Amino acid sequence: MKLPMDDEHAALFTVGQVANMLDVQQAFLRRIDDNQVVSPQRSAGGQRRYSRHEIGRVQEVVTMMDQGMTLPAIRRIIELQHELAQITRERDELARRLADAESRPEKK
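Residues numbered from 1 in each chain as written. Predicted model: local features only at pLDDT ≥ 70, side-chain atom pairs only at ≥ 80, totals over all residues. Heavy atoms only, no water.

This part covers helix α2 (residues 26-34). Residues F28, L29, I32 and D33 constitute the buried set of α2. Each buried residue of α2 sits inside an arc of 140 degrees when the element is viewed along its axis, so together they form one side. The inward-facing, buried residues of α2 abut α1 (15-22), β1 (41-42), β2 (48-49), α3 (52-66) and α4 (71-103). After α2 finishes, the residue Q36 shows a positive phi value of roughly 55 degrees. (Buried < 20%, exposed > 50% of the residue type's maximum accessible area, 1.4 Å probe, protein only. Helix = DSSP H or I, 4+ residues; strand = E, 2+ residues; numbered from the N terminus. Arc of directions from axis to C-beta. Contact = heavy atoms within 4.5 Å.)

We now examine the side chain of S51. You can see S51 is positioned in the loop between β2 and α3. Here E8 takes part through its backbone oxygen, which lies 3.4 Å from a polar atom of the side chain of S51. Setting aside chain neighbours within four positions, we find S51 in contact with E8, H9, A10, A11 and F13. (Polar contact = N/O pair within 3.5 Å; in protein donor to acceptor, adjacent residues only side chain to side chain.)

So, on to the environment of R96. Examined against the element boundaries, R96 turns out to sit in helix α4. Look at R96 and you get partly exposed, because its relative accessible area is 40%. Between the C-alpha atoms of R96 and Y50, which are 46 residues apart in sequence, the distance is 35 Å. Separated by 2.7 Å, the side chains of R96 and D100 make a polar contact.

The subject of this paragraph is the environment of T14. Examined against the element boundaries, T14 turns out to sit in the segment before α1. A relative accessible area of 25% places T14 in the partly exposed class. C-alpha of T14 to C-alpha of P72: the two residues are 58 residues apart in sequence and 24 Å apart in space. Excluding residues that lie within four positions of it along the chain, T14 makes contacts with R48, R49 and Y50.

This part covers the nonpolar core. Generally speaking, soluble globular proteins have nonpolar side chains that are buried together. Ranked by size, the top nonpolar core spans 19 residues in total, and within it L29, I32, V37, Y50, V58 and V61 carry the most contacts. If you list the elements that add at least two residues to this core, you get α1, α2, α3 and α4. Each residue touching V61, except ones within four places of it in the same chain, is listed here: F28, I32, V37, V38, L71, I74 and I78. (Core = buried A, V, L, I, M, F, W, Y, C linked by side-chain atoms within 4.5 Å.)

Interhelical geometry of α1 versus α2 gives an angle of 110 degrees and a closest axis separation of 8 Å. Looking at the two axes, α1 sits roughly perpendicular to α2. The hand of the α1/α2 crossing is right-handed. Note on element contacts: α2 touches α1 through Q26, L29 and R30, opposite V15, G16, V18 and A19. Its residues assigned to classes, the contact of α1 with α2 shows four nonpolar, two polar and one charged. (Axes fitted to C-alpha atoms, helices over the stretch in contact; angles between N-to-C directions. Parallel < 35°, antiparallel > 145°, perpendicular 65-115°, else oblique. Left-handed = near helix turned anticlockwise from the far one by under 90°. Nonpolar A, V, L, I, M, F, W, Y, C, P; charged D, E, K, R; others polar.)

As structure tokens, then:
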């Protein structure tokens, strides 16, 4: 049986819990959501709920901000990381399909 805690994308943590875990202000978490840098899921009542994956993203944002990056720059970096991951998946799929095609005997 798989529990919600086993799923890194399960939205389980409140703003207060995440702020305490990462030693950041709740206002900071709201600001990075408002700036669409890390946007947690919402509960039925509209409250932000963070997954372990999103908490990891917030940690990355904190690190980048400590290095002097702005929120718009961080948002762009995250967008580019997603684009690169998608392109890499597409390349890998095309390479797999090419290898499959090359391994089939030719028809005459």
